[in-house]
Amino acid sequence: MQKIKAALLGYGTVGQGIQEVIHQYQERFRLLLGKEVEIAAVLVQNPAKQRDLPENVLVTTDFEEIITLPDLNVVLEAIVGEEPALTYLRRSLNKGIHVITANKMMFARHARELLETARENKVHIGFEATTAGGTPIIRTIDQLLQVNRVEKVEAILNGTSNYILTAMNDRFIDFDTALTEAQEKGYAEADPTHDIDGTDAFNKLMILSQLIYGEQPDWLNVRKTGINSLTEADIQHAKQENKKYKHIGVIKKEGNTIIAEVSPVLLSSTHPLHHIDGVDNALAITSDIVGTITLTGPGAGKLPTASAMVEDLVQIFQKEHAEFYEKISEKHAAV
Ligand SMILES: NC(=O)c1ccc[n+]([C@@H]2O[C@H](COP(=O)([O-])OP(=O)(O)OC[C@H]3O[C@@H](n4cnc5c(N)ncnc54)[C@H](OP(=O)(O)O)[C@@H]3O)[C@@H](O)[C@H]2O)c1
């Protein structure tokens, strides 16, 4: 059986999820692609940590050992921060290796360059996992709304802040108690600043902008307000009026200008995002033909994020397969 040779950058929550899913779902890959997927190498930072990996998997802290692996087909990236992730992905694409990333912080800033580099090198870059985790928003917009023009997206893009707002609303607890609870349950990052100040939602909104409009607004013109500006009294007052505060990212175009904002918004009970509670993410996409579609699902976590990445993988290799046969039939038609 032929194999797709993959390298994993990062073996934390997401990396381990990818390894687990790839190991468990070989039968699906055989059926869908006619090939198995082999994780040949894993890049980590701390060589002293114990890793639960098969013996034949190369575990290294040196990216040179990854990029020089013979016949490497795809790099799945799940490390943290802009660098060295960006450099690693650039080098992979330039070497003709497909890339799949979960790194929203890096991708928000460098999506344009990486998409262009992928195009130039005739390879693909999958980024479903960067936005709303396991909820397939990227593919919905990119492939299922091709004739429709997306006019506006309103979205809950951070599970931690949604959890906190839900807890404050439903159980009358204060912001700090709700945040501590989210951390204890493993929903919030050890440093939750970017969850609650809107930076994480902002990054995802910029990725959506790149996808929908092919560009991003000037970051300095995007207003970003966190949920820490809300008090218990604000939330309870809203509840009395049958309304809820939700942390909403909005993106739309007015004329040629992209308007984007992340802020707490008071929603009436008829709004499609009013009932999205707990750690879920949700996106209300308004398009010119279909109207408003709402997608809801897990916005983070080991398996949902790994799910998005392996779905990207299958799609990339199905595309590669189709492109290969297209070339062959063109060649036959020419002779
Ligand atoms: N967790 C989620 O639910 C989720 C959801 C969507 C997207 N993401 C994104 O996915 C990425 C990974 O998240 P995570 O939660 O899996 O993080 P994590 O648990 O902290 O794991 C990060 C992994 O990357 C490795 N790493 C970090 N810096 C590195 C470097 N410079 N060189 C080589 N390896 C390095 C770490 O190595 P060591 O093991 O040696 O420390 C670790 O294995 C992040 O960009 C995050 O924003 C996460």
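Residues numbered from 1 in each chain as written. Predicted model: local features only at pLDDT ≥ 70, side-chain atom pairs only at ≥ 80, totals over all residues. Heavy atoms only, no water.

## Points about the nonpolar core
Then step 1. Among the nonpolar cores identified, the biggest contains 52 residues, and Ile137, Val153 and Leu283 are the most heavily contacted of them.
Then step 2. Residue contributions to this core peak at eight residues, all from helix H10 (residues 199–213).
Then step 3. Two domains each donate at least three residues to this core, and these are domain 1 (3–131 + 302–334) and domain 2 (137–298).
Then step 4. In this structure, Val153 is in contact with Leu208, Ile212, Gly249, Val250, Ile251, Leu283, Ala284 and Ile285, ignoring residues within four places of it in sequence.
Then step 5. In this structure, Ala6, Leu8, Ala308 and Val314 belong to the second largest nonpolar core, which totals 30 residues. (Core = buried A, V, L, I, M, F, W, Y, C linked by side-chain atoms within 4.5 Å. Buried < 20%, exposed > 50% of the residue type's maximum accessible area, 1.4 Å probe, protein only. Helix = DSSP H or I, 4+ residues; strand = E, 2+ residues; numbered from the N terminus. Domains from an automatic or database assignment. Contact = heavy atoms within 4.5 Å.)

## A short note on the packing of aromatic side chains
Then step 1. Using the criterion set out here, one finds four aromatic pairs in the structure.
Then step 2. Considering the side-chain rings of Phe63 and Tyr88, the 4.1 Å spacing of their centres and the 15 degrees angle between planes classify their relative orientation as stacked. One end of the pair, Phe63, is in helix H3 (residues 63–67); the other, Tyr88, is in helix H4 (residues 85–94), with 25 residues separating them in the sequence.
Then step 3. The class for Phe63 is buried, based on a relative accessible area of 3%.
Then step 4. The exposure class assigned to Tyr88 is buried, which follows from its relative accessible area of 16%. (Phe/Tyr/Trp six-rings, centres within 6.5 Å; stacked < 30°, edge-to-face > 60°.)

## Remarks on a nonpolar patch on the surface
Then step 1. A cluster of nonpolar side chains, Val147, Ile289 and Val290, forms an exposed patch at the surface whose accessible area comes to about 310 Å².
Then step 2. The topology assignment puts Val147 in the loop between helix H6 (137–144) and strand S7 (150–156).
Then step 3. By relative accessible area, which is 71% here, Val147 ends up exposed. (Patch = residues over 30% accessible without salt bridge, like charges linked within 9 Å, V, L, I, M, F, W, Y side chains within 5 Å. Areas by Shrake-Rupley, 256 points an atom, 1.4 Å probe, with all protein chains shown as cover. Salt bridge = Lys/Arg side-chain N within 4 Å of Asp/Glu carboxyl O.)

## Details of the environment of Lys104
Then step 1. Secondary-structure assignment places Lys104 in helix H5 (residues 104–120).
Then step 2. Separated by 100 residues in sequence, Lys104 and Lys204 have C-alpha atoms that sit 6.5 Å apart.
Then step 3. Beyond its immediate stretch of four places on either side in the chain, Lys104 contacts Thr130, Asp200, Asn203, Lys204 and Ile207.

## Describing the UniProt feature "domain: Homoserine dehydrogenase catalytic" (unreviewed entry) in the protein chain
Then step 1. Residues annotated by UniProt as "domain: Homoserine dehydrogenase catalytic" (unreviewed entry) correspond here to residues 136–314.
Then step 2. Taken end to end, residues 136–314 is 40% helix and 27% strand, and its first and last C-alpha atoms sit 14 Å apart. (UniProt positions renumbered as here; feature names shortened; annotations may be inferred.)

## Observations regarding unusual backbone geometry
Then step 1. The residue after Glu83, namely Pro84, is reached through a cis peptide bond having omega 10 degrees.
Then step 2. Structurally, Pro84 can be placed in the loop between strand S4 (74–77) and H4.
Then step 3. For Phe172, which is not glycine, the phi dihedral falls at a positive 55 degrees.
Then step 4. Along the chain, Phe172 falls in the loop between helix H7 (159–171) and helix H8 (175–184).
Then step 5. Using a relative accessible area of 53% as the deciding quantity, one classes Phe172 as exposed.
Then step 6. Even without being glycine, Asn242 reaches a positive phi, approximately 60 degrees.

## Some remarks on the UniProt feature "domain: Aspartate/homoserine dehydrogenase NAD-binding" (unreviewed entry) in the protein chain
Then step 1. The UniProt record marks residues 10–128 with the feature "domain: Aspartate/homoserine dehydrogenase NAD-binding" (unreviewed entry), using the residue numbering of this structure.
Then step 2. A helix fraction of 44% and a strand fraction of 18% characterise residues 10–128, whose end C-alpha atoms lie 17 Å from each other.

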